[in-house]
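Working through the structure, step by step
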Amino acid sequence: MNDCINCNEPNLEHWFYCKSCGERASEPKFTTNMYMIEEAAKRTDFEISTTTMDKTIERAKKERTKQGQDFWRGKLKEFKKRRGYANS
Ligand SMILES: [Zn+2]
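Let me sum up the structure you'll find in this document. (Residues numbered from 1 in each chain as written. Predicted model: local features only at pLDDT ≥ 70, side-chain atom pairs only at ≥ 80, totals over all residues.)

A few points about the overall build of the protein
The following threshold applies: A helix here means a DSSP run of H or I that spans at least four residues, while a strand means a run of E at least two residues long, and both kinds are numbered starting from the N terminus. Exposure criterion: with C-beta atoms placed from backbone coordinates, a residue whose C-beta has 20 or more other C-beta atoms within 10 Å is buried, one with 12 or fewer is exposed, and one in between is partly exposed. Think of it this way: build a C-beta for each residue from its backbone, and any pair within 7 Å is a contact.
Assigned secondary structure in the protein consists of 2 helices and 0 strands. Here the protein holds 88 residues, and the buried ones make up 5% of them. In the protein, of all internal contacts separated by at least 6 residues, the share reaching a separation of at least 24 is 0%.

A word on helix α2 (residues 53-82)
We count it as follows: One fewer than the residue count of a helix, multiplied by 1.5 Å, yields its expected span.
Taking 1.5 Å of rise per residue, the 30 residues of α2 would be expected to cover 44 Å, and the 43 Å separating its terminal C-alpha atoms lies within 8% of that figure. Among the 30 residues of α2, 0 are classified as buried, and the element is accordingly described as predominantly exposed. After α2 finishes, the residue G84 shows a positive phi value of roughly 85°.

Some thoughts on unusual backbone geometry
The phi angle at N8 is positive, at roughly 70°, despite the residue not being glycine. In this fold, N8 is placed in the segment before α1 (32-42). Judged by C-beta crowding, with 11 C-beta atoms within 10 Å, N8 ranks as exposed. Even without glycine at this site, H14 takes up a positive phi of about 60°. The exposure class of H14 is exposed, given the 9 C-beta atoms found within 10 Å.

In structure tokens:
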């Protein structure tokens, strides 16, 4: 079954999101729980049963962005300190 479950457009290339309507094109092949097993091993700050894969992805993206910012902020601080500009 290669048709979009939302608009029934053929989805021959098996895109996760339908190229026609932009919605998820097929039923998830992996259950949320299967996905969560991996994530749950690393994280304890959310309730497995009440989150969705989409939410988790969104959250992981935000966290990653924040981590990236913190990382570069730290690097900059380090750099300034090394150059003797610690208070600038
Ligand atoms: Zn569609």
